[in-house]
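# An overview of the molecular structure
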Amino acid sequence: MPHFLIDKNEIINSEFIELVENENLFHLTKVLRVKKGEKIKFIDSDKNLFFCEVVDVLKNFLKAKIIKKEFSQRFLKFNLCLIQSILAPDAQNLLIANAVQTGVQEIYPVISDNVSVSRKTLNDKVNKWNKIAQENFKQCERADMPVVCEISNLKDVLNNFKKENILIFAEKYENKTLNNCLLDIDLKEKIAVVVGPEGGFSQDEFEYFIKQEYKLISLGNLIYKAPNAVVAGISNIVSRIDNV
């Protein structure tokens, strides 16, 4: 069963967790239909994981007894961010889910030259994307809640990161291997992984990347759709950093 993020004020005397008329209560009672005696898990913002047993369920209230508490290890020990050109709706939703499941902490949806969706259609999409992120946070039992940031411009977001910590996956103009790119990464600072839209980055964008001396890396000889490129790219980065 997935775990549920709770506020600390929902922890009562370190013995019980009580939910009153909130989204977690709705999910547990209306979707999962938990009953008295069932086991459920909660997690707080300090990554404390609570193993609980339901002792009372009403229409607008749930009470669970804390059986065991432990510190969750289900998070990356570095802050991995994803800068991604916005995709068509289904692909975008899949990309968000894949990013959360592979450990990304912050997702920056950006407008780049070859983005095919109209900005006019993106109103309120960030809220929807954050809900997708939250659902995947529950399902893969992550200890840290990821966040989808407001839509921005590609170059503006890149300027917020240290140059040596920017890794751009490019289908051409590769100038470094991933192993070499990671040699001068500062793990105390945010790491930005950058992926393009369905049509790839434009020639002007590639020229800008080269002028700024950003690290351009390849995923190999295969061509991936953007949501799958996120899985392939981030998995490679995480496995290499974890072995450093």
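Scroll up to find the structure.
Report follows, based on the coordinates. (Residues numbered from 1 in each chain as written. Predicted model: local features only at pLDDT ≥ 70, side-chain atom pairs only at ≥ 80, totals over all residues. Heavy atoms only, no water.)

### A word on the overall build of the protein
Counting secondary structure elements, the protein contains 7 helices and 13 strands. For the C-alpha atoms alone, the extent of the protein along its principal axes is close to 60 × 45 × 30 Å. The buried share of the protein, reckoned over its 244 residues, is 48%. Intrachain contacts of the protein at a sequence separation of at least 6 include 72% that bridge at least 24 residues. For the protein, the exposed surface amounts to about 12700 Å²; the carbon and sulfur share of it is 48%. A gap of 4 Å separates the mean positions of the 33 positive and 33 negative side-chain charges of the protein. (Helix = DSSP H or I, 4+ residues; strand = E, 2+ residues; numbered from the N terminus. Buried < 20%, exposed > 50% of the residue type's maximum accessible area, 1.4 Å probe, protein only. Contact = heavy atoms within 4.5 Å. Areas by Shrake-Rupley, 256 points an atom, 1.4 Å probe, with all protein chains shown as cover. Lys, Arg positive; Asp, Glu negative; His and termini not counted. Charge placed at Lys NZ, Arg CZ, Asp CG, Glu CD.)

### Observations concerning the nonpolar core
Among the nonpolar cores identified, the biggest contains 38 residues, and Leu-80, Leu-82, Ile-96, Trp-129, Leu-167 and Ile-237 are the most heavily contacted of them. When contributions to this core are tallied by element, the ones reaching two or more residues are strand 7 (80-85), helix 2 (89-101), helix 3 (125-139), strand 11 (166-169), helix 5 (178-181), strand 12 (191-195) and helix 7 (226-242). With 6 residues, helix 7 is the single largest residue contributor to this core. When sequence neighbours within four positions are dropped, the list of residues in contact with Leu-82 reads Leu-95, Ala-99, Val-104, Glu-106, Ile-107, Tyr-108, Val-193, Val-195 and Val-230. Counting 20 residues, the second largest nonpolar core, distinct from the first, contains Phe-161, Val-194, Phe-206 and Leu-216. (Core = buried A, V, L, I, M, F, W, Y, C linked by side-chain atoms within 4.5 Å.)

### Points about unusual backbone geometry
It is generally the case that most residues other than glycine have a negative phi and that most peptide bonds are trans. Of note, Ser-14 is a non-glycine position whose phi angle comes to about 60°, a positive value. Locating Ser-14 in the fold gives a position in the loop between strand 2 (11-12) and strand 3 (16-20). You can call Ser-14 exposed: its relative accessible area is 62%. Unusually for a residue other than glycine, Lys-47 sits at a positive phi of about 70°.

### Regarding helix 3
A rise of 1.5 Å per residue sets the reference length of helix 3, with its 15 residues, at 21 Å; its end C-alpha atoms lie 21 Å apart and thus fit the reference within 8%. All buried positions along helix 3 are accounted for by Val-126, Trp-129, Asn-130, Ile-132, Ala-133, Asn-136, Phe-137 and Lys-138. Packing partners of the buried residues in helix 3 comprise strand 1 (3-5), helix 1 (23-31), strand 4 (39-43), helix 2, strand 8 (106-111) and strand 9 (147-148). In the segment just after helix 3, Glu-141 is the residue with positive phi, at about 55°. (Expected span 1.5 Å × (residues − 1).)

### Some words on the packing of helix 2 against helix 7
Running from N to C, helix 2 and helix 7 point in directions that differ by 10°, and their axes come no closer than 8 Å. As judged from the angle between their axes, helix 2 and helix 7 are roughly parallel. For helix 2 against helix 7, the interelement crossing comes out right-handed. Residues Ala-91, Leu-94, Leu-95, Asn-98 and Ala-99 of helix 2 form the contact with helix 7, whose participating residues are Ala-226, Pro-227, Asn-228, Val-230 and Val-231. Looking at the contact of helix 2 with helix 7 residue by residue, the class counts come to 8 nonpolar, 2 polar and no charged. (Axes fitted to C-alpha atoms, helices over the stretch in contact; angles between N-to-C directions. Parallel < 35°, antiparallel > 145°, perpendicular 65-115°, else oblique. Left-handed = near helix turned anticlockwise from the far one by under 90°. Nonpolar A, V, L, I, M, F, W, Y, C, P; charged D, E, K, R; others polar.)

### Considering the side chain of Thr-29
Within the secondary structure layout, Thr-29 lies in helix 1. Among residues more than four places away in sequence, those in contact with Thr-29 are Val-57 and Leu-62.

### Considering the packing of aromatic side chains
Taken as a whole and judged by the stated rule, the model has 9 aromatic pairs. Geometrically, the ring pair formed by Tyr-108 and Phe-161 is edge-to-face, given 5.7 Å between the ring centres and 85° between the ring planes. With Tyr-108 in strand 8 and Phe-161 in the loop between helix 4 (154-158) and strand 11, the pair connects residues that are 53 residues apart, well separated along the chain. Just as Tyr-108 is buried, Phe-161 falls in that class too. Among the aromatic residues, those joined into a cluster by ring pairs are Phe-201, Phe-206, Tyr-208, Phe-209 and Tyr-214. The side chain of Lys-47 reaches across the aromatic face of Phe-75, ending 4.9 Å from its centre. Sitting over the ring of Phe-51, Lys-68 keeps its end group 4.6 Å from the ring centre. (Phe/Tyr/Trp six-rings, centres within 6.5 Å; stacked < 30°, edge-to-face > 60°. Lys NZ or Arg CZ within 6 Å of the ring centre and 35° of its normal.)

### A few points about the side chain of Ser-85
Mapped onto the fold, Ser-85 is located in strand 7. In this structure Ser-85 comes out as buried when scored by relative accessible area, which is 1%. A distance of 2.7 Å separates polar atoms of two side chains, one belonging to Ser-85 and the other to Ser-112. Not counting the four nearest positions on each side in its chain, Ser-85 is found in contact with Gln-92, Val-110, Ser-112, Val-115, Val-195, Gly-196, Pro-197 and Phe-201. (Polar contact = N/O pair within 3.5 Å; in protein donor to acceptor, adjacent residues only side chain to side chain.)

Remember that the coordinates give geometry; whether it matters functionally is a separate question.
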